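Residues per chain are reported as follows:
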Amino acid sequence: MNVSQKSIRIVGGILVIYALLVATHLGEFWPFSIYPMFSQAGNPWSRSLVREMPSDVADARKVSWTTTSLDSLAGDSYPLVPQGINQNDVANYVSKTESWTPDRIQGLRSIFAKNRSLPSPLLVYRVRGRLADDSVSVRATPVLLLTNEGSHLNPSLAPPSPASASSAR
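Rules used throughout
- Residues numbered from 1 in each chain as written.
- Predicted model: local features only at pLDDT ≥ 70, side-chain atom pairs only at ≥ 80, totals over all residues.
- Heavy atoms only, no water.
- Helix = DSSP H or I, 4+ residues; strand = E, 2+ residues; numbered from the N terminus.
- Expected span 1.5 Å × (residues − 1).
- Buried < 20%, exposed > 50% of the residue type's maximum accessible area, 1.4 Å probe, protein only.
- Contact = heavy atoms within 4.5 Å.
- Polar contact = N/O pair within 3.5 Å; in protein donor to acceptor, adjacent residues only side chain to side chain.

This next bit is on helix 5 (residues 102–113). Over its 12 residues, helix 5 runs 16 Å from end to end, which matches the ideal 16 Å to within 8%, given 1.5 Å per residue. For helix 5, the set of buried residues is Ile105, Gly107, Leu108, Arg109, Ile111 and Phe112. The inward-facing, buried residues of helix 5 contact strand 1 (45–52), helix 4 (87–96), strand 3 (122–132), strand 4 (135–146) and strand 5 (151–153).

As structure tokens, then:
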């Protein structure tokens, strides 16, 4: 076997190994799969946003529970890192919760209010973005209002009450 045949076999073997590795990982191969800009480009995304509301918004009836754009959000941005709160924890909690049970509401509240009182009411938003034609559409939905007196869930996210669930059958 001469040098060119040996080189062709080595290159062919590497390409076969590479193809097998890529085929078993659904097209994602190591250098690209760890970066969301490569592995999830163009997919819709969901994050969280926390806004510090004025003190008079402690009443949930004064909150607008409608989905809105980022430009028209009420309140000021609430800095999570200086409070020792991990942004990814909040984002995962908000984006992955499908059914807001009392335990889930208390779990999210505990991230913000463990061993401390809230400086002012906090409104937690679920922010969703997606590609729309040649631009990005970003919409924010209020999820939970946290006050020192309690937690108020967006009425449209509340699970149906047992009475309304039985009457719907």
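Below, the discussion takes up unusual backbone geometry. Notably, Asp133 is not glycine yet its phi reads approximately 60 degrees, a positive angle. As for its placement among the helices and strands, Asp133 is situated in the loop between strand 3 and strand 4. The class of Asp133 is exposed, set by a relative accessible area of 82%.

A word on the side chain of Ser120. Of note, Ser120 is situated in the loop between helix 5 and strand 3. Taking the relative accessible area as the measure of exposure, Ser120 reaches 11% and is therefore buried. Only 3.0 Å separates the side chain of Ser120 from the side chain of Glu52, close enough to count as a polar contact. Among all residues touching Ser120, those that are not within four sequence positions of it are Glu52, Met53 and Leu146.

Let us look at the environment of Gln83. If you trace the backbone, Gln83 turns up in the loop between strand 2 (76–77) and helix 4. Placed 29 residues apart in sequence, Gln83 and Phe112 show a C-alpha to C-alpha distance of 8.4 Å. With near-sequence residues (within four places) excluded, Gln83 lies in contact with Tyr78 and Arg116.

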